[in-house]
Amino acid sequence: MSTPATPPRSLAEALRTRDDASLAALLRGRPDLITPVPTDLTQLATRAGTRASVVRALERLDRFTLQTAEALAVAADPAPYDELLGLMAGDARDPAVVNALPRAVAALREQALVWGADDRLRLVRTARELLAPSPQHPSPTGLGPTVAEATAGMSPGRIQEIVTTAGLSSTHDPVSAVASLTKLFTTRRRMKALLAGAPAESLDVLTRLVWGPPYGQVTADPAAHLRWLIDRGLLLPTAPGTVVLPREVALHLRAGRAHRETEPVAPPVEARATHRPQVVDEAAAGQAYTALATVEELLKDWDEGGPAVLRAGGLSVRDLKRTAVALDVAEPVAAFWVELAYAAGLLASDGEADERYAATPAYDEWLEQPPAQRWARLAETWLTATRTSGLVGGRDAKERTLSALGPGLDRSAAPEVRHRVLGLLAALPEGTSPSAESVLARLRWERPLRGPGGAQRSTPEGTQGDDDLRSRLARWTLNEAEMLGVTGRGALSGQGRALLGTRGAPTAPAADPATPSSGPGDKLPVHHHRPTAPPEPLSPAEQAVASAAAARLLAPLLPEPLDHVLLQADLTAVAPGPLNRPLAEMLDVLADVESKGGATVYRFTPGSVRRALDAGRSASDLHDFLTAHSRTPVPQPLAYLIDDVARRHGHLRIGAASAYVRCDDDAVLSEILADKRSAGLRLRRLAPTVLAAQADPAALLDGLRAMGFAPAAESADGDVVITRAHSHRTQPRTAPEPVPDGPPTPDTTLLSAAIRAIRAGDRASTTPLKSSSTPPGELPRTTPAETLATMQAAVLTGETLWIGYVNAEGSASQRVIAPIRVEGGFVTAYDHTADEVRTYPLHRVTGVAELAEGGEG
């Protein structure tokens, strides 16, 4: 680490020493700093020190880097590197910590949380306020205030009493007395001598307080062993009845360490099982096919209008249960498929007065795509969606139940967690499935401050409970990836790796020198990873390319659709695999699904055959269809069933009177009138072949069918009404947009332009001017005549000028320009701030000043 000739006096000065690559890394790591683009480096430094920005930056630190920042918060300000090393590695100088600390300090410097040379490391003020110990917010280190802080309100006489009782010489003022006591507590040899004479009970008290919390309660007349500590300043009073262990004493007892346990190395992702990659890909492909079939079945079930939309939005608990039964899955799984279809834009509310959920026109387009492409769309949607189905059934901040498709299910951290979990799987050798607990431990190490409510303080030991949001998202990711076919048998599949793109490609695990490798007899190796920043998610364009690559890998693994079934003598048909769409759609009308699995079993019933006849098919059509698509002869019972239902189908005709029944055979009508079950229809004979009813036609149809007849509906012209299967669709709907987790990461083009603008603005604000009365930080002010004359002179001499400019919205800014032409009330100039030629109205220029020689460089 090099030290500049003149140490920076502020964060802004430290930023001025950075090159463009370093500034780009800062803006990429903290994208909130670039929204909007700062006018200069001073404004950038100010924005980097705001509380909201610092909290967001701390949230993105791994555990060891955060521990380094916590140690700096309890160190001197500024602190030399050796002091920080002592706080992190202790007196024993842990080799793993010694090796990892430079990386952590570099990461804090890159994120503009630490600035200054190695001999004067400074934590930005806001970060120190957040991480330093206080009675209201204990430090994650478990340390208390320093001797100077704890004795700030103590009387000079009492301080002198403590100094003399501790065996020190009295001083003439409290400042030197506190300094003398501090020096005693920070000198290892002298502290050992002092504690050697302590009662055993006193040492027990120090042991209980040493790792925090450092505060304890005492009575007005403390016991002798407590009085021994208080008299020597080893415990200092902070309030009536409360004492605290000074930071210097605690550090001595801890052998110099700020943390009980430092974690310089990321926890390893442990292998749970290993499979052949081909087995993993085939298992994942099977799950992918099941995923497609499940989504199709869901939307087919809602084809004519799904469940009603709750008044507050979302799906009722009863409707979710019905959907789970229809899909033959558990309710949480049903919620996942419903939410996935919604996020993919395949279903939405129809917006009618009686609002219901239904498929969208995009669903029909999706059905026309090849299976692999349909899967890629679902997988890409899942990877980037912020809606989180795992929250369904829980409660929000107002104790309202969260429902599927309802509000309150967006969690902006979900895409990042999914990418990171899959990235950890991608770093393992192909075919290796990880231990879920090791994945969770790794995620907690990488983002220790991300909890249920966003940022939260670590516990003194630096751990989080397993029930925090990030851990739950990770568990859900592992389960959902398996259901979707991104993983197979717990290991990342080939199409899953492709879905992540080049940034998620597998990398060879790097063994950390401080961690022993697995022995030759280990069957399940432990894979160690160097602590590195997790990769950023792909851009939309990159993700589209990755999804297409995943679809190409999956396509050969999916089963080919079949064009045949096997008819059985027990009025069933067996589909030994997936059927092509026309065959499947016709079978859905002609038969009922009896069971699913590797082979689907359909059952033919009188009702299902009548359904096909109602859809406009004739008996001969059905016979031809079955003959063409069966690999076995059409069984005689099935042929008889079709002919029998067809013979009776349409023998009765029902139309609108309120409703009527007509039949050429008056004996059939007499049979209906004599049947007691027809009483509710209130039928009466109008003619030998016509009955009138007070029920509507639909109720009359259902009633006669329940009595065992096979009536057909009739139009006003006397023709049979063909009840073709129709699909209810919503108006075109766009899929819900993911809720971003803060500003997006800027791309290279934006970063380059922003850095040019910041550099130019900084030159304008820091370059010395020729004789000018403009106060620092203010826009130059000159009369219109002076402005015009200066501009015209600069055109002739080629000089660079500093101007103040107010745009049409009234926003003021300062710019460095090189005038090229002045005419018609406008100046055309090369704008160093924007790095392009621009034209400005002269009446919007507040004033102009000439830069000193060499200032434009």
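Values in this document were obtained by computation on a predicted structure and should not be read as measured data.

Rules used throughout
- Residues numbered from 1 in each chain as written.
- Predicted model: local features only at pLDDT ≥ 70, side-chain atom pairs only at ≥ 80, totals over all residues.
- Heavy atoms only, no water.
- Helix = DSSP H or I, 4+ residues; strand = E, 2+ residues; numbered from the N terminus.
- Buried < 20%, exposed > 50% of the residue type's maximum accessible area, 1.4 Å probe, protein only.
- Contact = heavy atoms within 4.5 Å.
- Areas by Shrake-Rupley, 256 points an atom, 1.4 Å probe, with all protein chains shown as cover.
- Phe/Tyr/Trp six-rings, centres within 6.5 Å; stacked < 30°, edge-to-face > 60°.
- Lys NZ or Arg CZ within 6 Å of the ring centre and 35° of its normal.
- Core = buried A, V, L, I, M, F, W, Y, C linked by side-chain atoms within 4.5 Å.
- Pairing = 2+ DSSP bridges.
- Axes fitted to C-alpha atoms, helices over the stretch in contact; angles between N-to-C directions.

1. Observations concerning the overall build of the protein
Part 1 of the argument: Looking only at helices and strands, the protein features 33 helices and 28 strands.
Part 2 of the argument: Relative to its 857 residues, the protein shows a buried fraction of 48%.
Part 3 of the argument: A separation of at least 24 residues holds for 67% of the contacts in the protein among residues at least 6 apart in sequence.
Part 4 of the argument: Total accessible area on the protein stands at roughly 40,000 Å², and carbon and sulfur atoms take up 54% of it.

2. A closer look at the packing of aromatic side chains
Part 1 of the argument: Taken as a whole and assessed by the stated rule, the structure comprises four aromatic pairs.
Part 2 of the argument: Pairing Tyr805 with Tyr840 gives two aromatic rings, centres 4.8 Å apart and planes at 65°, and the pair type is edge-to-face. Residue Tyr805 is found in strand β24 (residues 801-806), and its partner Tyr840 is found in strand β27 (residues 836-841); the two are separated by 35 residues along the sequence. For the pair Tyr805 and Tyr840, a shared accessibility class is recorded, and that class is buried.
Part 3 of the argument: Positioned above the aromatic ring of Trp366 is the side chain of Arg374, whose terminal nitrogen or guanidinium carbon lies 5.3 Å from the ring centre.

3. Points about the side chain of Gln67
Part 1 of the argument: Relative to the assigned elements, Gln67 resides in helix α5 (residues 63-73).
Part 2 of the argument: Under the relative-accessibility criterion, Gln67 is labelled buried at 4%.
Part 3 of the argument: Leave out the neighbours within four places in its chain, and Gln67 touches Met88, His259, Glu261, Thr262 and Glu263.

4. Quick look at the nonpolar core
Part 1 of the argument: Leu58, Phe185, Leu234 and Leu235 are the most contacted members of the largest nonpolar core, which has 93 residues in total.
Part 2 of the argument: Excluding its chain neighbours within four sequence positions, the residues that come into contact with Leu235 are Val205, Leu209, Leu226, Leu229, Ile230, Val243, Val244, Leu245 and Pro246.
Part 3 of the argument: Membership of the second largest hydrophobic core comes to 69 residues, among which are Leu292, Ala334, Ala379 and Leu405.

5. Brief notes about the sheet that holds strand β28 (residues 845-850)
Part 1 of the argument: Judged by pairing direction, the sheet is antiparallel, and its five strands sit side by side in the order β27-β26-β25-β24-β28 without closing on themselves. The sheet is open, and its two edges are formed by β27 and β28, each paired on a single side. On average, adjacent strands in this sheet sit at an angle of 45° to one another, irrespective of strand direction.
Part 2 of the argument: Sheet analysis places strand β26 (residues 826-831) next to β27, joined by six bridges and oriented antiparallel. Each bridged residue has a counterpart across the sheet, and for Ala829 the counterpart in β27 is Arg838.
Part 3 of the argument: Packing of helix α33 (residues 784-797) onto the sheet brings it into contact with β24, β25 (812-823), β26 and β28, and relative to β25 it is tilted by some 60°.

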